[in-house]
Every structure is written in C-alpha cells, then in structure tokens.
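Breakdown of the fold
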Amino acid sequence: EWRTAPGNPSLLDYLKTSSDVANYLDERAAAPAKIVIGLVGSGHADSVKNLGGTDLIAKINSYYDPDQAIYVGYGGSQTHNWDQSWVILGLLAAGEDVPSKAVQVLAARVNSDGGWGWADDIFSDADSTGLVMQALLAGGYAPGQLRLVTHLDVSNEDIEMAIAAFRDWFRA
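Remember, it's a predicted structure, so these values are computed and weren't measured experimentally.

The next subject is helix H7 (residues 126-138). In this model H7 runs 18 Å from its N-terminal to its C-terminal C-alpha over 13 residues, within 8% of the 18 Å that 1.5 Å per residue would give. Residues of H7 that are buried include every one of Ser128, Thr129, Leu131, Val132, Met133, Ala135, Leu136 and Leu137, and no others. N-capping of H7 is provided by Asp125, with a side-chain oxygen placed 3.1 Å from the backbone N of Asp127.

Quick look at the structure:
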C-alpha cells in the first residue's frame, strides 16, 4: 500500500476514517460513485459495501429518484449529467445493476448539436460529452446508437475500440 512515510495511514485508511470523506459523500450522487470506481480500480472492491461503516452502493442509491429516473446532486434538488454518468459508471464497476430508465434519461438529454453539457439544457462540451458517452456505452448502448455526435469526426471503429478498452479495464 502507498504511504507517505512508514507508520502513516494508507490512502484506504484515510478514505475509511476521514470526516472530509464522510462529508464529501453527502454532497452529491457522483461522490460515492467516484470513490467506488477508485476502490474497484485499485483492487479494493471489498471495501465498496463497507468503507469505514458506509455502504457506498446504498449511499449512491439513496440519491435515486425513481419517479424521474435521476440521481440527484447538490442538496437533492439538482440533477446533472455528470452525476448521472458517474453513478452509472460506479454502479457498473461494482457489478451492480443500473436502472435502464436512468440510462435512457441520460441519453435523452442530448443537445441539438449531438453533445452533452454538464447539466441538462447546458451547452455541450467535450468533457461532458465524453463522460456521458462512456456511461451510455457501459450502460448498454451500442456504438451505432451513439453516432449522435455531429461535431466530432469519430468512426464506429474508434468507438468500438474505446468500448473494448473500457470493458477490459473493468475486467482487470
């Protein structure tokens, strides 16, 4: 494990015990999802359901509004494409199910230019579009379904290669 010096807590210990992390988890749906992705990617998937006494999957799901099929952000009042995307990626990284309607809602938020902004009805940007496309692909959309992006020159072959790399990362 990585440590700054012998005897200092590891990064995992910090995540388990820090009040800063506990507060962060209460901010928005993306917060626990990002930590799940980090834990799974670093070989600590066993901590996903018990990170210092917190079940991160239950925490993520506590942000879900089934009537709107969205994962809410700040204070439970706002929804963002970033939250929705990070949650989809986090749940799938942990081997959990994602409501198909949540993926459909994210796909439906596409802007007229074929991209996505960080929130619904916000101008498209490359970061948001890339994150949303990763979430949609992971959530079951086929590459051909994502040829929505009109301002990028991306072939189906490029998208398929990206999907394969993404899937390999989750299997590792």
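Having seen the model, we can carry on.
Turning next to the nonpolar core. With 38 residues, the main nonpolar core has Ile60 and Leu136 as its most contacted residues. Counting residues per element, the ones that place at least two in this core are helix H2 (19-25), helix H3 (30-41), helix H4 (56-62), strand E2 (70-71), helix H5 (81-93), helix H6 (100-108) and H7.

Using the criterion set out here, one finds 1 aromatic pair in the structure. Considering the side-chain rings of Tyr64 and Tyr71, the 4.6 Å spacing of their centres and the 40° angle between planes classify their relative orientation as tilted. For Tyr71, a relative accessible area of 1% corresponds to the buried category.

For the structure shown, the criterion picks out 3 salt bridges. Between Lys59 and Asp26 there is a salt bridge; the shortest N-O distance is 2.4 Å. Of this pair, Lys59 sits in helix H4 while Asp26 sits in the loop between H2 and H3; the two residues are 33 residues apart in sequence, bridging distant segments of the chain. Classification of Asp26 as partly exposed rests on a relative accessible area of 48%. Where Glu96 meets Lys49, a salt bridge forms, and the shortest distance between an N and an O atom there is 3.3 Å. Highlighted residues: Glu96 in the loop between H5 and H6 and Lys49 in the loop between H3 and H4, separated in sequence by 47 residues.

Okay, the environment of Ser124 next. With respect to the helices and strands, the residue Ser124 is situated in the loop between H6 and H7. Overall, the relative accessible area of 16% leaves Ser124 in the buried class. Sequence separation of Ser124 and Gly114 is 10 residues, and the distance between their C-alpha atoms is 8.1 Å. Excluding its chain neighbours within four sequence positions, the residues that come into contact with Ser124 are Asn111, Asp113, Gly115, Trp116, Gly117 and Thr129. In this structure the side chain of Ser124 is engaged in a polar contact, spanning 2.7 Å, whose partner is the side chain of Asp113. Side-chain polar atoms of Ser124 contact the backbone nitrogen of Trp116, separated by 3.4 Å.

Each value, and the rule that gives it
- Residues numbered from 1 in each chain as written.
- Predicted model: local features only at pLDDT ≥ 70, side-chain atom pairs only at ≥ 80, totals over all residues.
- Heavy atoms only, no water.
- Helix = DSSP H or I, 4+ residues; strand = E, 2+ residues; numbered from the N terminus.
- Expected span 1.5 Å × (residues − 1).
- Buried < 20%, exposed > 50% of the residue type's maximum accessible area, 1.4 Å probe, protein only.
- Polar contact = N/O pair within 3.5 Å; in protein donor to acceptor, adjacent residues only side chain to side chain.
- Core = buried A, V, L, I, M, F, W, Y, C linked by side-chain atoms within 4.5 Å.
- Phe/Tyr/Trp six-rings, centres within 6.5 Å; stacked < 30°, edge-to-face > 60°.
- Salt bridge = Lys/Arg side-chain N within 4 Å of Asp/Glu carboxyl O.
- Contact = heavy atoms within 4.5 Å.

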